[in-house]
Number of protein chains: 2
Amino acid sequence: MELILASQSPRRHEVMAWMGIPCGTEVCTEPESVPEGLSCEETVMHLAKQKATFALKRNPDACIIGADTVVDLDGEIIGKPKSAEDAVLTLRRMQGRSHVVYTGIAVLKNGYEDVRTVKTHVTFRPMTEREIRWYVSTGDPLDKAGSYGVQGLGCVFVDSVEGNYFNVIGLPAPILYEMLLKAGAVTEDRT
Amino acid sequence: MELILASQSPRRHEVMAWMGIPCGTEVCTEPESVPEGLSCEETVMHLAKQKATFALKRNPDACIIGADTVVDLDGEIIGKPKSAEDAVLTLRRMQGRSHVVYTGIAVLKNGYEDVRTVKTHVTFRPMTEREIRWYVSTGDPLDKAGSYGVQGLGCVFVDSVEGNYFNVIGLPAPILYEMLLKAGAVTEDRT
């Protein structure tokens, strides 16, 4: 059965490549809509399922993976920055302390649905204003939830992780693997 | 000042690339020698320094980075597997439980030395015999300390990490960055 990742994130596709699981791409072109009052967990699960549902409509015979990642800082959902200045403000708040990364994962196929959320704690080391300004000037934070990426220039600021690391990249490999096993989309020896 | 990584590990060079810090390569051709009775921490620091010292002799005007990584399982040091069967035995012991990864880091330049060790806890999810056999058959574990790699097919088995993730790849980016700042080999805005 064809497997499709409903995301164009090169980081998520890289994780799929690490997993050794080939997949196609189908990107949701509908605007993201989240009902009022959802928690972080509910928000990422809702959006992961929304993306996967869109892809399933266009590929009804495939198994679809949807994913959505946000950062939770003091209960506030931090998505992608709106501007370079917004990224500076976010990084000033995040430096020298911990935040939580949530990824929602949806595995959908015709008549089948498995939606979960994975939570990882990340601690930043203290950053100077010069480091923040430099990091934002590279452009690296601008397309990423929480205004940073771990697999790039941001790696020097990520002091420690508690939980699943791949979740921070945007696709928690071991949990997704278990979901794909359960859905019958992969086998333990990839046969 | 030229920066040289005394390692040919493509994974360590990838972390340097993420950090945005260009470096050359000088690989130690001397056999590794470890005095009797050293702990895990002492062993990786000793080997990191040995590799860096070799590279410094050949590049006396450069700043050298040496690194060595081992896995500690119940107090036993687990290096690279000797064979596929050895990798199977190691993975059978490691599945479904935690181990500790130690990386020793040495930053050396003429008249200057900074050597540290970084410790990270890694927990594997349970693996079936079929998963272990398949993973070893791919060849991926055969050149890696502890018989696994996180940035590849092994990613689905790594349930959680506590501590610095990059340490598990073999080069703890934030600690190395701080050591390079202290040595004057990089600046906060890479100028």
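The rules behind these values
- Residues numbered from 1 in each chain as written.
- Chains lettered and ligands numbered in written order.
- Predicted model: local features only at pLDDT ≥ 70, side-chain atom pairs only at ≥ 80, totals over all residues.
- Heavy atoms only, no water.
- Least-squares fit on C-alpha atoms with pLDDT ≥ 70 in both.
- Contact = heavy atoms within 4.5 Å.
- Axes fitted to C-alpha atoms, helices over the stretch in contact; angles between N-to-C directions.
- Helix = DSSP H or I, 4+ residues; strand = E, 2+ residues; numbered from the N terminus.
- Parallel < 35°, antiparallel > 145°, perpendicular 65-115°, else oblique.
- Left-handed = near helix turned anticlockwise from the far one by under 90°.
- Buried < 20%, exposed > 50% of the residue type's maximum accessible area, 1.4 Å probe, protein only.
- Lys, Arg positive; Asp, Glu negative; His and termini not counted.
- Salt bridge = Lys/Arg side-chain N within 4 Å of Asp/Glu carboxyl O.
- Polar contact = N/O pair within 3.5 Å; in protein donor to acceptor, adjacent residues only side chain to side chain.

Chemist: So what's going on with the relation of the copies chain B and chain A? Residues and values would help.
Modeler: Expressed as a screw operation, the relation of chain B to chain A combines 0.0 Å of axial shift with a rotation of 180°, fitting to an RMSD of 0.0 Å. These values place the two chain copies in the arrangement generated by a two-fold rotation axis. Among all C-alpha atoms of chain B, that of Glu162(B) lies closest to the rotation axis, at 2.3 Å. Comparing interface residues between copies, 100% of those in chain B also lie at the interface in chain A; the contact surface is shared.

Chemist: So what's going on with the packing of helix 1 (residues 10-19) of chain B against helix 6 (residues 173-182) of chain B? Which residues, and what values?
Modeler: Residue and element names in this part refer to chain B. Interhelical geometry of helix 1 versus helix 6 gives an angle of 65° and a closest axis separation of 11 Å. Here helix 1 is positioned roughly perpendicular relative to helix 6, judged by the angle of their axes. Considering only the axes of helix 1 and helix 6, their crossing is right-handed. Contacts between helix 1 and helix 6 involve Val 15, Met 16 and Met 19 from the former and Ala 173, Leu 176 and Tyr 177 from the latter.

Chemist: Give a detailed account of the side chain of Lys109(B), specifying residues and quantitative values.
Modeler: All names here are of chain B. Within the fold, Lys 109 resides in strand 5 (residues 98-109). Among buried charged residues, Lys 109 stands out as having no salt bridge; its nearest opposite-charge side chain is Asp 114, 10 Å away. From its side chain, Lys 109 meets the backbone oxygen of Ala 183 in a polar contact 2.5 Å long.

Chemist: Give me the pattern of salt bridges: which residues, what numbers.
Modeler: According to the stated counting rule, one finds 28 salt bridges over all chains in the structure shown. Ionic pairing is found between Asp74(A) and Arg97(A), a salt bridge with its closest N-O pair at 2.9 Å. Placement of Asp74(A) in the loop between strand 3 (63-73) and strand 4 (76-78) and of Arg97(A) in the loop between helix 3 (84-94) and strand 5 (98-109) is noted, with a sequence separation of 23 residues between them. Exposure remark for Asp74(A): the relative accessible area of 59% places this residue in the exposed category. For Arg97(A), a relative accessible area of 29% corresponds to the partly exposed category. Glu113(B) is paired through a salt bridge with Lys49(B); the nearest N and O atoms lie 3.0 Å apart. One end of the pair, Glu113(B), is in strand 6 (residues 112-124); the other, Lys49(B), is in helix 2 (residues 40-58), with 64 residues separating them in the sequence. Look at the salt bridges and you will find they share partners, linking Glu85(A), Arg92(A), Glu129(A) and Arg133(A) into a network.

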